[in-house]
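Below, each chain spelled out in residue letters.
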Amino acid sequence: DVKVTQSSRYLVKRTGEKVFLECVQDMDHENMFWYRQDPGLGLRLIYFSYDVKMKEKGDIPEGYSVSREKKERFSLILESASTNQTSMYLCASRNHKLAGESSYNEQFFGPGTRLTVL
Amino acid sequence: KNEVEQSPQNLTAQEGEFITINCSYSVGISALHWLQQHPGGGIVSLFMLSSGKKKHGRLIATINIQEKHSSLHITASHPRDSAVYICAVPSKSGGGADGLTFGKGTHLIIQP
């Protein structure tokens, strides 16, 4: 059974703290994604990674960085957490090679991490 | 960048009713995703379709590529169908590993 796991379901941090959100997939997928989900705004792409050590900015990368040292793990880093980063964070992975156009392959989502920054 | 509009934003219906959720997008694409999110956050993929119609149990998805429009239908709705339904399209035309652009979702409640 395919699986994407995230390190925490709920997380509370203080303004200015450095925050690490971890995502692990066991499907040997090349592509991985970090999204945030906010009421009224839907899901928005923060960063994505084509493959190990590769990363691309999404639509809202400001205030975030990522790390992909191993194929199965994609980390989202909040260098200095702020209250406007309070949100639900979702990780996803996708097989790049399954079909001719990878954008149309299924994305598998983790359960999400609800982050509150006080 | 593709823009995605979903309607309605909220929908409350009685058990057994036929449900329709609509999705429109701005830039031509070859395939579209429908996703379901239950309370608690987990998202699962329901359909990916590039033309015509797909059916899975009581769920039916249709797409009209020329009109840039897709619909998700639920027949004989049940309270367990209560969830947020999300439409998504590739962010850019063409291939590559770029992500999806999502609609804001339709919050569906089916009352017994």
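One structure accompanies this document, and this report is about it. (Residues numbered from 1 in each chain as written. Chains lettered and ligands numbered in written order. Predicted model: local features only at pLDDT ≥ 70, side-chain atom pairs only at ≥ 80, totals over all residues. Heavy atoms only, no water.)

Before going further, it helps to examine the overall build of chain B. A count of helical and extended segments in chain B gives zero helices and 11 strands. Helices (α) and strands (β) of chain B occur, in sequence order from the N terminus, as β-β-β-β-β-β-β-β-β-β-β. Its C-alpha atoms give chain B a radius of gyration of 14 Å, near enough to 13 Å, the size a compact globule of 112 residues would have. Each of the three principal axes of chain B carries a C-alpha extent, and together these read 45 × 30 × 20 Å. Restricting to contacts in chain B with at least 6 residues of sequence separation, those with at least 24 account for 54%. The positive charge centre, built from 9 side chains, and the negative charge centre, built from 7, are 7 Å apart in chain B. (Helix = DSSP H or I, 4+ residues; strand = E, 2+ residues; numbered from the N terminus. Rg over C-alpha atoms; globule rule 2.2 N^0.38 Å. Contact = heavy atoms within 4.5 Å. Lys, Arg positive; Asp, Glu negative; His and termini not counted. Charge placed at Lys NZ, Arg CZ, Asp CG, Glu CD.)

For the rest of this paragraph, the subject is the interface of chain B and chain A. Taken together, the contacts link 24 residues of chain B with 26 residues of chain A. Here chain B and chain A share an interface that buries about 2,000 Å² over both sides, 57% of which is from carbon and sulfur atoms. There are zero salt bridges connecting chain B and chain A. The interface formed by chain B and chain A holds one residue pair in polar contact (both at pLDDT 80 or more) in total. (Buried area = accessible area lost by both parts, 1.4 Å probe. Salt bridge = Lys/Arg side-chain N within 4 Å of Asp/Glu carboxyl O. Polar contact = N/O pair within 3.5 Å; in protein donor to acceptor, adjacent residues only side chain to side chain.)

Looking now at the side chain of Gln 6 of chain B. Residues and elements named next belong to chain B. Along the chain, the position of Gln 6 falls in strand β1 (residues 4–7). Judged by relative accessible area, Gln 6 falls into the buried class, the value being 11%. Within the local environment of Gln 6, its side chain forms a polar contact with the backbone oxygen of Tyr 85, the two atoms lying 2.9 Å apart. A polar atom in the side chain of Gln 6 sits 3.0 Å from the backbone nitrogen of Cys 87. Dropping the residues within four chain positions of it, Gln 6 is found in contact with Ile 21, Asn 22, Cys 23, Trp 34, Tyr 85, Ile 86, Cys 87, Gly 103, Lys 104, Gly 105 and Thr 106. (Buried < 20%, exposed > 50% of the residue type's maximum accessible area, 1.4 Å probe, protein only.)

Another point: the sheet that holds strand β7 (residues 64–70) of chain A. Two orientations exist for strands paired in a sheet by backbone hydrogen bonds: parallel and antiparallel. Residue and element names in this part refer to chain A. Read across the sheet, four strands follow the order β1-β3-β8-β7 without closing on themselves; strand pairing throughout is antiparallel. Each end of this open sheet is capped by a strand with a single partner; those strands are β1 (4–6) and β7. Pairs of neighbouring strands in the sheet enclose a mean axial angle of 20°, with direction left out of account. In the sheet, strand β3 (residues 19–25) pairs with strand β8 (residues 73–78) via six bridges, with the strands oriented antiparallel. Considered in β8, the bridge of Leu 21 is made with Leu 76. (Pairing = 2+ DSSP bridges. Axes fitted to C-alpha atoms, helices over the stretch in contact; angles between N-to-C directions.)

We now examine the packing of aromatic side chains. Overall, the coordinates contain six aromatic pairs over all chains when judged by the stated rule. Among the aromatic residues, ring-to-ring pairing joins Phe 33, Tyr 35, Phe 48, Tyr 50 and Phe 109 of chain A together with Phe 102 of chain B into one connected group. (Phe/Tyr/Trp six-rings, centres within 6.5 Å; stacked < 30°, edge-to-face > 60°.)

Further remarks concern unusual backbone geometry. For the bond from Ser 7 of chain B to Pro 8 of chain B, the omega torsion is -10°, close enough to zero to count as cis. Along the chain, Pro 8 of chain B falls in the loop between β1 and β2 (10–14). Even without a glycine there, the phi angle at Asp 28 of chain A is positive, about 60°. Along the chain, Asp 28 of chain A falls in the loop between β3 and β4 (31–38). Positive phi is not limited to glycine here, since Lys 68 of chain B has a value of about 55°. Along the chain, Lys 68 of chain B falls in the loop between β7 (59–64) and β8 (69–74).

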